[in-house]
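Residue strings, one per chain:
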Amino acid sequence: EVSDSGLKPDTPTLVVALLGEDSLVQVYPAGIYHVRADGRASEWRPPRGKPIVQASANNRQVAVGLQGGEVVYFELDETGTLAELDKKDLGLEVSCLELGRVPDGRARSRFLAVGGLDSTIRILSLDPDECMNVLAVLALPAQAESAALASLQLGRPGTPPALFLCIGLSNGVMLRARIDQRSGQLSDTRTRFLGGKPARLFRTSLGGGDGVLALSSRSWVLYSLAGALHTTPLSYVPLDAGASFASEHCPEGLVAIAGNTLRIVSVDRLGDAFTSEAVPLRYTPRRMAHHSVSGHVVVIESDHNALSADEKVQLYEAAGIPPPLPAGTVLPEEEEADGMLMEACVGVPRGGAGKWASAIRVLDLAARRTLSVIELAENEAAVSVAAVPLRERGGETFIVVGTVKDMTLHPRTLTCGYLHVYQFAEGNTQLNLVHKTQVEDVPAAIAPFGGRVLVGVGSGLRIYEMGAKKLLRKAELKGLPTMVQSLHVISSQRIVVGDLSESFHFVHYKRADNTLTVFADDIAPRWLTAACPLDAHSLAGADKFGNIFVCRLPREVSDDADDAALMAASAGRDDLALNGAPSKAEEVVQFHVGETVTSLQKVSLGPGCAEVILYTTLFGGIGALLPLTSREDVELLTALEMHVRQEAPPLCGREQLFFRSAYFPVKACVDGDYLTLFNSLPAAEQKTIADDLDRTPAEISKKLEELAARIL
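The rules behind each value
Residues numbered from 1 in each chain as written. Predicted model: local features only at pLDDT ≥ 70, side-chain atom pairs only at ≥ 80, totals over all residues. Heavy atoms only, no water. Salt bridge = Lys/Arg side-chain N within 4 Å of Asp/Glu carboxyl O. Helix = DSSP H or I, 4+ residues; strand = E, 2+ residues; numbered from the N terminus. Buried < 20%, exposed > 50% of the residue type's maximum accessible area, 1.4 Å probe, protein only. Polar contact = N/O pair within 3.5 Å; in protein donor to acceptor, adjacent residues only side chain to side chain. Contact = heavy atoms within 4.5 Å. Patch = residues over 30% accessible without salt bridge, like charges linked within 9 Å, V, L, I, M, F, W, Y side chains within 5 Å. Areas by Shrake-Rupley, 256 points an atom, 1.4 Å probe, with all protein chains shown as cover. Pairing = 2+ DSSP bridges. Axes fitted to C-alpha atoms, helices over the stretch in contact; angles between N-to-C directions. Parallel < 35°, antiparallel > 145°, perpendicular 65-115°, else oblique. Left-handed = near helix turned anticlockwise from the far one by under 90°. Nonpolar A, V, L, I, M, F, W, Y, C, P; charged D, E, K, R; others polar.

> Quick question: what am I supposed to make of the pattern of salt bridges here?
Oppositely charged side chains can form a pair if their charged atoms are brought close together. Under the defined criterion, the tally for this structure stands at 39 salt bridges. With a shortest N-O distance of 3.4 Å, Arg645 and Glu641 are connected by a salt bridge. Placement of the pair is Arg645 and Glu641 together in helix α7 (residues 631-647), with a separation of four residues, close to one helical turn. Residue classification places Arg645 among the partly exposed residues on the basis of a relative accessible area of 26%. When its relative accessible area of 6% is taken as the criterion, Glu641 is described as buried. Look at the salt bridges and you will find they share partners, linking Arg391, Glu392, Arg452, Glu465 and Lys474 into a network.

> Before we go on, may I ask you to explain the side chain of His296 in this structure?
Its location among the elements puts His296 in the loop between β24 (285-290) and β25 (297-304). On the basis of relative accessibility, which here comes to 10%, the residue His296 falls in the buried class. Within the structure, the side chain of His296 is placed 2.8 Å from the backbone oxygen of Asn428, a separation counted as a polar contact. Those residues in contact with His296 that sit more than four places away from it in its chain are Ala289, His290, His291, Val362, Leu363, Asp364, Leu371, Asn428 and Thr429.

> Looking at this structure, I do not really get a nonpolar patch on the surface. What am I missing?
A contiguous nonpolar surface patch, about 330 Å² in accessible area, is contributed by Trp527, Phe545 and Tyr663. Looking at the element boundaries, Tyr663 is found in the loop between α8 (656-660) and α9 (672-675). With relative accessibility at 48%, the residue Tyr663 sits in the partly exposed group.

> Can you help me understand the sheet that holds strand β28 (residues 380-390) in this one?
Within the open sheet, the four strands sit side by side as β28-β29-β30-β31. Their pairing is antiparallel. What marks the edges here is a single partner per strand, and that holds for β28 and β31 (430-439). Each adjacent strand pair in this sheet contributes to an overall mean axis angle of 25 degrees, direction not counted. Note that strand β30 (residues 416-425) and β31 share nine bridges and pair antiparallel. Bridge assignment links Ala425 to a residue of β31, and that residue is Gln430.

> Would you mind going over the sheet that holds strand β45 (residues 597-604) with me for this structure?
Working definition: the strands of a sheet are paired by backbone hydrogen bonds and lie parallel or antiparallel to each other. As summarised here, the arrangement of the three strands in space is β45-β46-β47, forming an open sheet in which the pairing is antiparallel. The open sheet is flanked by β45 and β47 (622-625), the only strands paired with a single partner. Between one strand and the next, the sheet's axes are offset by a mean angle of 25 degrees, whatever the strand orientation. Across four bridges, strand β46 (residues 611-617) lies against β47 in antiparallel orientation. The partner of Leu614 across the bridge, within β47, is Ala624.

> So what exactly am I meant to see when it comes to the side chain of Glu380 here?
Counting through the fold element by element, Glu380 comes out in strand β28. When neighbours within four sequence positions are excluded, Glu380 is seen to be in contact with Trp356, Ser358, Thr403, Val404, Lys405, Tyr418, His420 and Lys436.

> Just checking my understanding: could you explain the packing of α7 against helix α11 (residues 697-711) for this structure?
To characterise two packed helices, one gives the angle between the axes of the helices and the distance between these axes. It is the contact of α7 with α11, at a shortest axis distance of 12 Å, that shows an interaxial angle of 115 degrees. Classified by the angle between their axes, α7 and α11 sit roughly perpendicular to one another. For α7 against α11, the interelement crossing comes out left-handed. Residues Asp633, Leu636, Leu637 and Leu640 of α7 pack against Ile700, Lys703, Leu704, Leu707 and Arg710 of α11. Split into classes, the residues belonging to the contact of α7 with α11 amount to six nonpolar, no polar and three charged.

Below, the structure is given as structure tokens:
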């Protein structure tokens, strides 16, 4: 902290900036204070009764806005003196000012952006021949709170950078417009919702060029990477103000204020859409359940051909070998770490086929820490988990874990399965076993169902109630084709069962008779790996061959689901696997991802974002499917995809249409990743495609950016 900077410490400061090589300027309501390196200082004061309300500065220019709407412009002359060059009375109060950075090889920034309380922003010229002339006016949907001028690289390397004006509005929206560097005209305006608070923008340096730090209820950065613009949220606490910071150890950092703290941060991994933090586990995580009361997550872990933690310790002791440190352990200092081994480096002893190691872990995700771990004994492996409110216990949420004992994978054999019921204790940090119930097959899926437990046991579906010593079976459906892989409770009467190799089956539960009946199934057999209900009639599913599809029950079948005749047609039949259900679902979307999908979830990734189907893949990929709500968007993107296929064929020669239709013809789904190639096409090809679509290249690029902004 510097105490002899020469600046005034006893007055509110609007702007502090470095002028020239070695002088500082401080703008405060009562004037402008210019401090030189040798200690000399000069001061400019505004007219009486007109304090300074807004200001902006770069290393050669200063602009201030006075109360009443007058804007005064200063420039650093050859002698290092800050001289007043011109002024202009706009006739309205000024809400923000922005000068921008002085371009390399130039003496000044050519434009001054002035925002007014009439919800407009004006571009003023700073050229000596036409100083303070209004070049352009842009009407805004809300009042401008701040502005930032940034020169960002677009297109292929070697092309001159484009100048953008970013405007932060009082409704939490950032508006971006392109400035013609000759005429100063504004064009190609685009918007992005940042948060619930007024948007404040700060010009920074990111990615080797200009960038913008945008602050609202969330913090964002705008920057250019690989010839494309990116607007990305920061995974950090909300910030109040920020500026560029550069040092030997942090060449492109930010200095920011959050609350009453001053922070210096660096923005890492530009271009990544997500940031991640890892919590070490003993074994491979299989499923998880969320405890809504505490917010904690219960994760089940299991590994085949592995030994449990106690068995490994006994093995190392018998061999006289110091046990290696488990994965995730932080090694001590170098001197103490000599001779220590890590399991991640040297591996672990194998247990052989049919040998399992498994654990149940309670995690506090907010603190990224493990609260408790239960190691399963007697060669049990956890395969399913669910948080189930039980009506026999007054709606208290219990954790039900499905396990198998002595299971071999191929052919699948097992001694038996169990349903463990756990109760939270010790402030929802520990799990206590209440009882466990033996079953004869793999309990691969569990779901809550009206205060009871819905369990898929092998190829059967069962409803259990809580008992004193074990779970009590109340209803059962036999004869599903292979094995229940997932369960989705749509309503108190409708259940969707995901079969391991025969896709979805729609089941009706009749409470009066306490019976379960299959009334519809899918038209195509699929080896399901993930599923997610979208609404009362539709589900998204994924199979192990890398296909994502949406399965929808026809409206007439949905309406007839309660029809007694339809229910009786299949009631009590054990030959469903041979003949199928009386009604069939429709597959309305088909899309080949190319990797095995491991999970599907319908989520919204942030405030102001649309609901998407988020999927993850076996190779670590994360993707999203965005529903299109406008027929105009569907027609435009479908036609654009057809043109991009012709103008930008894949490098390896395999046509994109053939790839996306590897197992089923692609249907009702547009390849958004492929459409982004439009922005990298030469300008002439972009113009040709846009003319065929009765659009301009800027309109198509804007539409693609708007759709991406609806996801994240």
